Amino acid sequence: MTLLGFIGPQEIIIILISIMFAGILPIIALVDILTNKFEGNNKLIWVLVVIFVYIIGAILYLLIGRKQRLPKHTLKE
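Student: An account of the side chain of Asn-36 is needed here, citing residue identities and associated values.
Tutor: In this structure, Asn-36 sits in the loop between α1 (9-34) and α2 (42-63). At 2.7 Å, the side chain of Asn-36 and the backbone oxygen of Asp-32 are in polar contact. Aside from chain neighbours lying at most four places away, what touches Asn-36 is Lys-43, Arg-69 and Lys-72.

Put into structure tokens, the structure is as follows:
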């Protein structure tokens, strides 16, 4: 059975997976940005990039922005 004569079940599954990926990736990026520390205004800039550029912004953050995070300090004895 096809929908509109050319979309079959495989294509619908691919479309649904793509939509889920497109919705989850920016959320993962925003959570990562908000739970880590950055120098200066980098946190604000990355949040705005991910919100306004959405998928591409999230991919850019995951590829480039994660390297800009400040390291988490270990507990001092």
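Student: Provide a residue-level description of the nonpolar core, including the pertinent values.
Tutor: In terms of nonpolar packing, the biggest core is built from 9 residues, these being Leu-25, Ala-29, Ile-33, Phe-38, Trp-46, Val-47, Val-50, Ala-58 and Tyr-61. Elements with a minimum of two residues in this core: α1 and α2. With residues near it in sequence (within four places) discarded, Val-47 still touches Leu-30, Ile-33 and Leu-34.

Student: So what about a nonpolar patch on the surface? Which residues, and what values?
Tutor: A cluster of nonpolar residues, Leu-44, Leu-48, Ile-51, Phe-52, Val-53, Ile-56, Ile-59, Leu-60, Leu-63 and Ile-64, forms a patch on the protein surface that exposes about 940 Å² of accessible area. On the secondary structure map, Leu-63 appears in helix α2. For Leu-63, a relative accessible area of 55% corresponds to the exposed category.

Reading the values: rules and limits
Residues numbered from 1 in each chain as written. Predicted model: local features only at pLDDT ≥ 70, side-chain atom pairs only at ≥ 80, totals over all residues. Heavy atoms only, no water. Helix = DSSP H or I, 4+ residues; strand = E, 2+ residues; numbered from the N terminus. Polar contact = N/O pair within 3.5 Å; in protein donor to acceptor, adjacent residues only side chain to side chain. Contact = heavy atoms within 4.5 Å. Core = buried A, V, L, I, M, F, W, Y, C linked by side-chain atoms within 4.5 Å. Buried < 20%, exposed > 50% of the residue type's maximum accessible area, 1.4 Å probe, protein only. Patch = residues over 30% accessible without salt bridge, like charges linked within 9 Å, V, L, I, M, F, W, Y side chains within 5 Å. Areas by Shrake-Rupley, 256 points an atom, 1.4 Å probe, with all protein chains shown as cover. Salt bridge = Lys/Arg side-chain N within 4 Å of Asp/Glu carboxyl O.

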